[in-house]
Amino acid sequence: MHLSADHITLDFPLAQAAHSRASAGAAPLGGRLHGQGRSTFVRALDDVSFHLEIGDRLALVGHNGSGKSTLLRVLAGIYHPDRGHVSSSSHVSGIFNMSLGFRQEATGYRNLVIKGLMAGRSRAEIEAALPEIAEFTGLGPYLDMPLHTYSQGMAMRLAFAATTAFSNDILVMDEWIGAGDAGFQEKIIARMNDFLHASTIVVVASHSASLLRRLANKAIWLEQGQVRRMGGPEVIDEYEAAISVVELAPPLRAQVDARRGLWVAREGLDAPHLLWNLPGNVEGLQLRVHTSGQGLTVVRAAVARCGAWPLAPWVQAGMRFEIARPNEEPVAAYVADAA
Amino acid sequence: MRTSAPLLRDWSRSFALHGLWVNLALEDLRDRYRRTVLGLSWIVVSFALFVGVKMFVFGPLNAASVSEFGVFVTLGFGLWTYINAMVTDACTAYMHSRAWILGTATPYPVYLLQVIARNWMIFAMILLVMAASLYWNPQPLTMKALWAIPALVVYLLSSVWICAILAPLCARWRDLYQTVQTGLRLVFFATPILWMPRNFNRLALIAELNPFSHFIAIVRDPLMYGRVPVDSWMLVLAINAAGLVVGAVVYATTRRRLPHWV
């Protein structure tokens, strides 16, 4: 089993010529604009190649408009590349819009049948799979009622169950998680683990780095339609570090990039800042401070991989700053000095 | 030659997915009439009412007997209802399936066949009314009436290439859809449906030049008058031959760009 992309290049035609100012300089978002004769194109993908084998789970990361969704659509056979080609050992299932094809007036069962037909299954195969899907949705008698009587979460359950039940061994998915209640989220993750244990190839694009880290063994960082970095899960860390400093002022950005851990920087800055640049998973981390009088105070409820916090006037020597999850040992600590 | 392989692959895969497009067409119809008391019989009721009013208004303008004109209008308007709906729906076939085209790799002809299947389901009900109207026809049915069957097969074939041409072009140039809609409204009056050519000399010439009259004649003439209009058949077959070629070329050249247009 394999899925490979061979020098994929894809241009989107633009209806009107790009303004000269828009095309000048390097825009951080979207693909590069270029003209050819009288027409203008966006180069959505530029010479993207990779090769995946059985069991590979590839994470796609990058800014908005960096080409993640476009690449997934090329892999799924929706967009036809201008140059290069995709080859795979079997049919590729794309999951982009789980409620696609749902009929509000039809019953849950009827919608499941249509979803199955959409995936190219025969009527007999669908009938055989229905009891298990019905069980998975947990919707019971609602499956005989029209879809418009469902709540959004219930419709989501139906969509996810149908989509995964009728998927093939090679899957490409775009921002697929995030809806449903907590119980259903766990079901989704368990179902995903089934995919991973089974002999499958999965390509996922998401902005949730923690989700991707749990899932992927390979990663590609796309920038303006080009592969900026390709490798193992460490590429996700690098991408996350890069985006969390983008929001900082340039002098802070340089200092944050230069070190690892939690420290205070003064040189070249208007005011002293507490800076951090953390390794590994940063999900659920907080910035807190131990003071002798008040005990533990949370300064920032959520921190990104890299960040900066201007030292408040009340900071005194001996205060201990920590980055940690609630009720856990700190992953980084700094004790304020006399200066 | 490079472009003909994907064309054949798309269409053969789409025909194999007949369970999908037949069910999609059924759901389209059910959505339209769901929660109505009359349900699908609305198609028959509204068509019969329309024909009745047209007979009442336009009947006195024609020299023919009431029963002859009644059958003439029922057959002509029944066929026109199909042609009009089919051509209009052909324009929007891809636009209405935008979410599908951007969400799945389903071959595009599925959406065209869905539109054709839906229109034939409606047409089947109208055909029942048309068949019933033959009871009042002044001339008895002859064996030549069977010529209406191959004529209907030609309607089916024409629908395929009309969809293959109009669906992608209308998705690319949205003005084309409006043009086609407006054009159809004008052509309706230039086609002998509400008037009989033998009553008006000037109009008879228009009818002769209008290809739609010939499409209607190949079904209506054998049923009403027991004659096979050979000239009309020749013209319709020639149009179909050209249409199939143009349809194949348009499909093959637009399929790669279609997701960017819808």
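Residues numbered from 1 in each chain as written. Chains lettered and ligands numbered in written order. Predicted model: local features only at pLDDT ≥ 70, side-chain atom pairs only at ≥ 80, totals over all residues. Heavy atoms only, no water.

Once that is clear, we can look at the packing of helix H4 (residues 66-96) of chain B against helix H6 (residues 109-133) of chain B. Residue and element names in this part refer to chain B. Put simply, H4 and H6 touch, their axes get as near as 10 Å, and they point 170° apart. On the basis of the axis angle, H4 is roughly antiparallel to H6. Residues that form the contact of H4 with H6 fall into these classes: 18 nonpolar, 5 polar and 2 charged. (Axes fitted to C-alpha atoms, helices over the stretch in contact; angles between N-to-C directions. Helix = DSSP H or I, 4+ residues; strand = E, 2+ residues; numbered from the N terminus. Parallel < 35°, antiparallel > 145°, perpendicular 65-115°, else oblique. Nonpolar A, V, L, I, M, F, W, Y, C, P; charged D, E, K, R; others polar.)

The residue B:Ile101 is located in helix H5 (residues 98-103) in this model. A relative accessible area of 1% means that B:Ile101 is categorised as buried. Look past the residues within four positions of B:Ile101 in its chain and what remains in contact with it is A:Ile78, B:Tyr94, B:Tyr108, B:Tyr111, B:Leu258, B:Pro259 and B:Val262. (Buried < 20%, exposed > 50% of the residue type's maximum accessible area, 1.4 Å probe, protein only. Contact = heavy atoms within 4.5 Å.)

To continue, consider the sheet that holds strand S12 (residues 273-277) of chain A. Residue and element names in this part refer to chain A. The antiparallel open sheet is built from 3 strands, whose spatial order is S11-S12-S15. Strands with a single pairing partner mark the edges of an open sheet, and in this sheet they are strand S11 (261-265) and strand S15 (306-310). Each strand of the sheet is rotated relative to its neighbour by a mean of 20°, with strand direction disregarded. Of the pairings in the sheet, the one linking S12 to S15 comprises 5 bridges and is antiparallel in character. Its bridge partner being in S15, tryptophan 276 is matched across the sheet by glycine 307. (Pairing = 2+ DSSP bridges.)

Attention now goes to the packing of aromatic side chains. Residues and elements named next belong to chain B. The full count for this structure, using the stated rule, is 23 aromatic pairs over all chains. Geometrically, the ring pair formed by tryptophan 80 and phenylalanine 212 is edge-to-face, given 5.7 Å between the ring centres and 65° between the ring planes. Of the two residues, tryptophan 80 is situated in helix H4 and phenylalanine 212 in helix H10 (residues 211-225); the sequence distance between them amounts to 132 residues. Classification of tryptophan 80 as buried rests on a relative accessible area of 4%. On the numbers, 6.2 Å between centres and 75° between planes, the contact of tryptophan 100 with tyrosine 111 is edge-to-face. Of this pair, tryptophan 100 sits in helix H5 while tyrosine 111 sits in helix H6, placing them 11 residues apart in sequence. With respect to class, tryptophan 100 is no different from tyrosine 111; both count as buried. (Phe/Tyr/Trp six-rings, centres within 6.5 Å; stacked < 30°, edge-to-face > 60°.)

A few words on a nonpolar patch on the surface. All names here are of chain B. Together, Leu38, Trp42, Val45 and Leu49 make up a nonpolar patch on the protein surface, roughly 360 Å² of accessible area in all. Structurally, tryptophan 42 can be placed in helix H3 (residues 41-58). Of the residues examined, tryptophan 42 reaches a relative accessible area of 39% and is grouped as partly exposed. (Patch = residues over 30% accessible without salt bridge, like charges linked within 9 Å, V, L, I, M, F, W, Y side chains within 5 Å. Areas by Shrake-Rupley, 256 points an atom, 1.4 Å probe, with all protein chains shown as cover. Salt bridge = Lys/Arg side-chain N within 4 Å of Asp/Glu carboxyl O.)

Another point: the pattern of salt bridges. All chains considered together, the criterion is met by 22 salt bridges over all chains. One salt bridge in this structure joins B:Glu27 and A:Arg110, with 2.4 Å as the shortest N-O distance. Taken together, the residues B:Glu27 in helix H2 (residues 18-33) and A:Arg110 in helix H3 (residues 108-118) connect one chain to another. Owing to a relative accessible area of 0%, B:Glu27 belongs among the buried residues under this scheme. Residue A:Arg110 is classed as buried on the basis of its relative accessible area, which comes to 15%. Ionic contacts of the salt-bridge type, sharing partners, join the residues A:Arg103, A:Arg110, B:Glu27, B:Asp28, B:Arg30, B:Asp31, B:Arg34, B:Asp89 and B:Arg118 into one network.

Here we come to the environment of B:Gly19. Residue and element names in this part refer to chain B. With respect to the helices and strands, glycine 19 occurs in helix H2. For glycine 19, a relative accessible area of 25% puts it in the partly exposed group. In this structure, the C-alpha to C-alpha distance between glycine 19 and glycine 39, residues 20 residues apart in sequence, is 23 Å.

Another point: the pairing of strand S7 (residues 170-174) of chain A. All names here are of chain A. In terms of residue burial, S7 counts as a mostly covered element, since 5 of its 5 residues are buried. Judged by which residues are buried, S7 turns out to be covered on both faces: Ile170, Val172 and Asp174 on one side and Leu171 and Met173 on the other are all buried. Note that strand S6 (residues 92-95) and S7 share 4 bridges and pair parallel. Bridge assignment links glycine 94 to a residue of S7, and that residue is valine 172. For S7 and strand S8 (residues 201-205), the ladder comprises 5 bridges, and the chain directions are parallel. Its bridge partner being in S8, methionine 173 is matched across the sheet by valine 204.

All names here are of chain A. In terms of domain boundaries, chain A breaks down into domain 1 (1-54 + 63-90 + 207-247) and domain 2 (248-335). Relative to domain 2, the C-alpha centre of domain 1 lies at a distance of 34 Å. Contact residues are listed per partner, giving 9 residues for domain 1 and 12 residues for domain 2. Of the roughly 830 Å² buried at the junction of domain 1 and domain 2 (both faces included), carbon and sulfur atoms supply 53%. Interface area lost by domain 1 to domain 2 is led by Ser210, Ser244 and Val245, which between them contribute 52%. On inspection of domain 1 and its partner domain 2, the count reaches 2 salt bridges. The partner of glutamate 240 in a salt bridge is arginine 305, with the nearest N and O atoms 2.8 Å apart. (Domains from an automatic or database assignment. Buried area = accessible area lost by both parts, 1.4 Å probe.)

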